[in-house]
Amino acid sequence: MDSLAAISQFFPKLISAVHSSTPLTQLGFTHLSRSTPKNGVLVLVRSDRLGGRDGSSAVENQKERDKGLLLGTERDDSGSIVGFNLISHSGDAEVIKSQEDVVTDRVAETVDAKGGDKVQTKVKHNIVFVTSEAAPYSKTGGLGDVCGSLPISLAAHGHRVMVVSPRYVHGSSQNKHLANVLDLERRIKVFCFGGEQEVGFFHEYREGVDWVFVDHPSYHRPGNPYGDSYGAFGDNQFRFTLLCHAACEAPLVLPLGGYTYGEKCLFLANDWHAGLVPVLLAAKYRPYGVYKDARSLLVIHNLAHQGVEPALTYQNFGLPSQWYGALEWVFPTWARAHALDRGEAVNILKGAIVTADRILTVSKGYSWEITTVEGGYGLNELLCSRRMVLNGITNGIDISEWDPSSDKHIASHYSIDDLSGKAQCKIALQKELGLPIKPDCPLIGFIGRLDYQKGIDLIRWAIPELLSDDIQFVMLGSGDPLYEDWMRSAESMYKDKFRGWVGFNVPISHRITAGCDILLMPSRFEPCGLNQLYAMRYGTIPVVHGTGGLRDTVQTFDPYADGGLGKGTGWTFSPLSKESMLSALRLAVKTYMDHKLSWTGIMKRGMEKDYSWENAALQYEQVFEWAFIDPPYVS
């Protein structure tokens, strides 16, 4: 018996509330049909109301036709049909009153995240984010920022949103964010790793979102979500397999706000840690009639991390044996450890790419890069085969936290209309770091992890040549001990020009963003990047390597565009080399020193850009529409 039908025998009112189907107003191509049709209509009436079959008269049938809706064509400027729209005989859009009639998109108005103007939201979805981290509860990078902010924006659009993440107990001050999280006293058993594993659920309802935390002893240990000072945790496959199983059960078993999310959900699986979710839906649930109307989106934040483990570990996932091929991974000969190594492995991210209904990356540029040999990390051919369902959406930023007109961490507030406070922020930063106070000296900053991906080696090689000029440089970050030691030695070598802050400090990151003139980001690859977005919002000019989200968001300055007024928000350089980076930095410095008017124009154009989560949420909603057009993945 269908599981939902069985439950409905005991909870008919609950099922009716959760799964009621509200009549909708438009038929297909909803994002294209916004205006009154320009010509041609077709009357739509229910077939059982047509004359002859029920003995009704022609007059009665004509009355029914008069009640019918018209299918009007929508044409573009060239006369081509681009969509259709249901209208009444009066020409106005009409609501279809019967659930048996054509089911289409519903439009609902909700208040936006700021409580200001209302935004129009299409079909409201039950959305389930599955993620290894979500700020402020847990965060190591951009993944935590996305899963801490995007759900709030989608909830403000009227969607019902749940975020499922592990309940990390680190024994540190970070645990304070879990102070308001309550035990739901709901424990379940999931089958994986050769037996039944028991997990619990904790919950907090905050800013319109259900924050759900999966509880298990494996999440209770010092370190970050993935490892500690000794490296990655050896049981990460177990920890995140457990997360995926629990996340698939949560919409069915947790009565949040009095009722469950139910089966018709939209799962957003983030990176390999949540990659088993699409596989479980296809292999474990849909064959038995559960989640048959659900959809899954895979969001790739960093393709370099794929969750690859030995092939023998497939039995740990709790999947049917015939699904091994979805996760099967064979290393090329050159990557094998020895001559007898067959290179057989399982790749969780590969399984997610195969089974997800749609795939998203965190920028348009990165969605293309991962289909290339250079950026695909062995998955480029598979991703090319799924290009029709692959899209990129640039991450947003928290514009309330990152706002120079109200930032509590900076010395002086300023805005696009009054930039005077930025000079005060620069002086305050120089004073705090012990640098000579020189308001006219170009101050360049770097904020980020100290590793090979971020191009720290280029900075290291370029510093002697760069600091031969009258320039100051400040760096904030931690990571590779080699680069941490180099930062300390460079600080002692260039006492009046260089400062290196080993570690990470949120207030200092705000003050560097506000006080620097230039932010340098020479990343080898950057799926999206957030620091360049923060920098532009603070009138700090980004100089970036032209890759991924950096290339998407930073437009190279052109002083001759727009009749000499100029355009652009910074500088991108390519190829990735010390010489290319130095050339871009020197061009930026020369513009700062000799062309103040142009520099101010670059600052203001960057500050005008809209990289809010509201903008990103609208693009996600469009992808949600597309996800429900096609049937879900079943085999």
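Residues numbered from 1 in each chain as written. Predicted model: local features only at pLDDT ≥ 70, side-chain atom pairs only at ≥ 80, totals over all residues. Heavy atoms only, no water.

Caption draft 1: Examining the nonpolar core more closely. Formed by 100 residues in total, the largest nonpolar core has its most connected members in Phe129, Phe201, Phe267, Leu268, Leu319 and Leu327. The residues contacting leucine 319, other than those within four sequence positions of it, are Leu276, Val279, Leu280, Ala283, Tyr314 and Leu327. Counting residues in each nonpolar core, the second largest holds 50 residues, with Leu419, Ile444, Ala462 and Tyr611 among its members. (Core = buried A, V, L, I, M, F, W, Y, C linked by side-chain atoms within 4.5 Å. Buried < 20%, exposed > 50% of the residue type's maximum accessible area, 1.4 Å probe, protein only. Contact = heavy atoms within 4.5 Å.)

Caption draft 2: Up close: the sheet that holds strand β17 (residues 328-330). Within the open sheet, the three strands sit side by side as β16-β18-β17. Their pairing is antiparallel. The open sheet is flanked by β16 (308-310) and β17, the only strands paired with a single partner. If you compare each strand with its neighbour and ignore which way they point, the axes differ by 45° on average. Across three bridges, the pairing between β16 and strand β18 (residues 344-347) is antiparallel. Within the sheet, the bridge partner assigned to glutamate 309 lies in β18 and is valine 346. Running over the sheet, helix α8 (residues 348-355) touches β17 and β18 and is turned about 55° from β18. (Pairing = 2+ DSSP bridges. Helix = DSSP H or I, 4+ residues; strand = E, 2+ residues; numbered from the N terminus. Axes fitted to C-alpha atoms, helices over the stretch in contact; angles between N-to-C directions.)

Caption draft 3: Quick peek at the pattern of salt bridges. As enumerated under the stated definition, the model contains 19 salt bridges in all. For arginine 488, the salt bridge identified is with aspartate 485, shortest N-O distance 3.0 Å. Of the two residues, arginine 488 and aspartate 485 both sit in helix α13 (residues 481-493), three residues apart, roughly one turn of that helix. Classification of aspartate 485 by relative accessible area gives partly exposed; the value is 47%. With its nearest N and O atoms 3.1 Å apart, the salt bridge here joins aspartate 594 to lysine 590. Taken together, the residues span about one helical turn, with aspartate 594 and lysine 590 both in helix α17 (residues 578-594) at a distance of four residues. We classify aspartate 594 as partly exposed; its relative accessible area is 47%. (Salt bridge = Lys/Arg side-chain N within 4 Å of Asp/Glu carboxyl O.)

Caption draft 4: Structural context of α8. Counting buried positions along α8 yields eight of eight residues, so the element is predominantly enclosed. Within α8 the residues assigned to the buried category are Ile348, Leu349, Lys350, Gly351, Ala352, Ile353, Val354 and Thr355. Where α8 begins, the capping side chain belongs to asparagine 347, and its oxygen is found 3.1 Å from the backbone nitrogen of leucine 349. (Polar contact = N/O pair within 3.5 Å; in protein donor to acceptor, adjacent residues only side chain to side chain.)

Caption draft 5: Just the pairing of strand β15 (residues 295-300), in detail. When you tally the buried positions in β15, you get six out of six residues, the bulk of the element. Here β15 shows a buried face lined by Arg295, Leu297 and Val299 and a second buried face lined by Ser296, Leu298 and Ile300. Sheet topology note: the strand β14 (residues 265-270)/β15 ladder contains five bridges and is parallel. Bridge pairing in β15 places asparagine 270 opposite valine 299. In this region the chain leaves β14, passes through helix α6 (residues 276-285) and returns to the parallel neighbour β15; the handedness of that crossover is right-handed. (Right-handed = clockwise from strand over helix to strand, strands pointing away.)

Caption draft 6: Inspection of the environment of serine 218 at higher detail. Relative to the assigned elements, serine 218 resides in the loop between β11 (209-215) and β12 (227-228). On the basis of relative accessible area, serine 218 is assigned to the buried category, the value being 6%. Setting aside its immediate chain neighbours within four residues, serine 218 contacts Asp235, Phe238, Arg239 and Leu242.

Caption draft 7: Molecular detail of the sheet that holds strand β22 (residues 472-477). If you walk across this open sheet you meet the six strands as β23-β22-β21-β24-β25-β26, and the pairing is parallel. Since the sheet does not close on itself, it has two edges, and those belong to β23 (498-502) and β26 (571-573), each with one partner. Each strand of the sheet is rotated relative to its neighbour by a mean of 20°, with strand direction disregarded. Sheet topology note: the strand β21 (residues 443-447)/β22 ladder contains five bridges and is parallel. Bridge pairing links isoleucine 447 to leucine 476 in β22. Running over the sheet, α17 touches β21, β24 (518-521), β25 (541-545) and β26 and is turned about 165° from β26.

Caption draft 8: Inspection of the packing of aromatic side chains at higher detail. In total, this model carries 21 aromatic pairs according to the counting rule given. Pairing tryptophan 329 with phenylalanine 331 gives two aromatic rings, centres 6.4 Å apart and planes at 85°, and the pair type is edge-to-face. A residue is classified by how much of its surface remains accessible, and tryptophan 329, at 13% relative accessible area, is buried. On the basis of an interplanar angle of 80° and a centroid distance of 5.3 Å, the ring pair of tyrosine 592 and tryptophan 599 is categorised as edge-to-face. Exposure class is identical for tyrosine 592 and tryptophan 599. Each is buried. Grouping aromatic residues by their ring pairs yields a cluster made of Phe557, Trp571, Tyr592 and Trp599. Against the face of phenylalanine 233 rests arginine 221, its NZ or CZ located 4.7 Å from the ring centre. Taking NZ or CZ as reference, arginine 524 lies 3.6 Å from the ring centre of tyrosine 452, over its face. (Phe/Tyr/Trp six-rings, centres within 6.5 Å; stacked < 30°, edge-to-face > 60°. Lys NZ or Arg CZ within 6 Å of the ring centre and 35° of its normal.)

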